[in-house]
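This is what each chain is made of:
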Amino acid sequence: MNEELLELPEEFNDDKCIDYILNLIPAEDKANITRDDVQFILDAIYDFYEENGLIDEEVAKDSYIDETEELNYVRKACKEEGIKLSDEQIQLILDGEYQYGIEIGIYEEDE
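Summary of the structure given here. (Residues numbered from 1 in each chain as written. Predicted model: local features only at pLDDT ≥ 70, side-chain atom pairs only at ≥ 80, totals over all residues. Heavy atoms only, no water.)

With that out of the way, let us pick up a negative patch on the surface. A cluster of acidic residues, Asp-66, Glu-67, Glu-69 and Asp-95, forms a negative patch at the surface. Positionally, Glu-67 belongs in helix α5 (residues 67-81). The class for Glu-67 is exposed, based on a relative accessible area of 52%. (Patch = residues over 30% accessible without salt bridge, like charges linked within 9 Å, V, L, I, M, F, W, Y side chains within 5 Å. Areas by Shrake-Rupley, 256 points an atom, 1.4 Å probe, with all protein chains shown as cover. Salt bridge = Lys/Arg side-chain N within 4 Å of Asp/Glu carboxyl O. Lys, Arg positive; Asp, Glu negative; His and termini not counted. Charge placed at Lys NZ, Arg CZ, Asp CG, Glu CD. Helix = DSSP H or I, 4+ residues; strand = E, 2+ residues; numbered from the N terminus. Buried < 20%, exposed > 50% of the residue type's maximum accessible area, 1.4 Å probe, protein only.)

Following this line, the structure appears as structure tokens:
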């Protein structure tokens, strides 16, 4: 496990997040998505945030995340790793991670 992940809020738990995401994904998509795929995408999301300076809580609080840029970053990471998910499946995982973050209070919903 990447040691830097320990900087995330204590409430964030990869296993719980993966379960949460998989429960949101429709059955027809879930058949092609593994727990490892979701974990890889969670790691890619973290890498995206880190590369864009969004890990620091003070910076992240007032930051805007370009969802298209995030999707492109994760899509590229998946392609490089040989993970064969559609853009729609990747977006479902990104949306699930965001919803989980709202549930545990690390993200605020846009007004």
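So, about helix α6 (residues 87-104). Counted at 1.5 Å a residue, the expected span for α6 with its 18 residues is 26 Å, and the 26 Å between its end C-alpha atoms agrees. Those residues of α6 that sit buried are Gln-89, Ile-90, Ile-93, Leu-94, Gly-96, Glu-97, Tyr-100 and Gly-101. For α6, the buried positions fall inside an angular range of 160 degrees around the axis, keeping them on one side. Across from the buried face of α6, at angles greater than 90 degrees, the exposed residues are Glu-88 and Glu-103. Against α1 (14-24), α2 (27-30), α3 (35-51) and α5 lie the buried residues of α6. Remark: Gly-105 follows α6 within two positions and exhibits a positive phi of approximately 90 degrees. (Expected span 1.5 Å × (residues − 1). Arc of directions from axis to C-beta. Contact = heavy atoms within 4.5 Å.)

So, about the nonpolar core. Core analysis: the biggest nonpolar cluster contains 26 residues, and Val-38, Ile-41, Val-74, Ile-90 and Ile-93 have the highest contact counts within it. Elements supplying a minimum of two residues to this core: α1, α3, α5 and α6. With residues near it in sequence (within four places) discarded, Val-38 still touches Ile-18, Ile-21, Leu-22, Ile-33 and Ile-93. (Core = buried A, V, L, I, M, F, W, Y, C linked by side-chain atoms within 4.5 Å.)

Turning our attention to the packing of aromatic side chains. Summed over all chains, the structure comprises three aromatic pairs. Note on Phe-48 and Tyr-49: the rings are 6.1 Å apart at their centroids and 55 degrees apart in plane angle, and the pair reads as tilted. Phe-48 sits in the buried class, given a relative accessible area of 3%. One aromatic cluster is present, formed by Phe-48, Tyr-49 and Tyr-73 through successive ring pairs. (Phe/Tyr/Trp six-rings, centres within 6.5 Å; stacked < 30°, edge-to-face > 60°.)

The next thing to look at is the packing of α1 against α6. Their axes nearest at 9 Å, the elements α1 and α6 cross at an angle of 120 degrees. By the criterion of interaxial angle, the relationship of α1 to α6 is oblique. In terms of crossing hand, the pair formed by α1 and α6 is right-handed. Residue-level inspection shows Lys-16, Cys-17, Tyr-20, Ile-21 and Leu-24 of α1 in contact with α6, the latter providing Ile-93, Gly-96, Glu-97, Gln-99, Tyr-100 and Glu-103. Taken together, the residues that form the contact of α1 with α6 break down as six nonpolar, two polar and three charged. (Axes fitted to C-alpha atoms, helices over the stretch in contact; angles between N-to-C directions. Parallel < 35°, antiparallel > 145°, perpendicular 65-115°, else oblique. Left-handed = near helix turned anticlockwise from the far one by under 90°. Nonpolar A, V, L, I, M, F, W, Y, C, P; charged D, E, K, R; others polar.)

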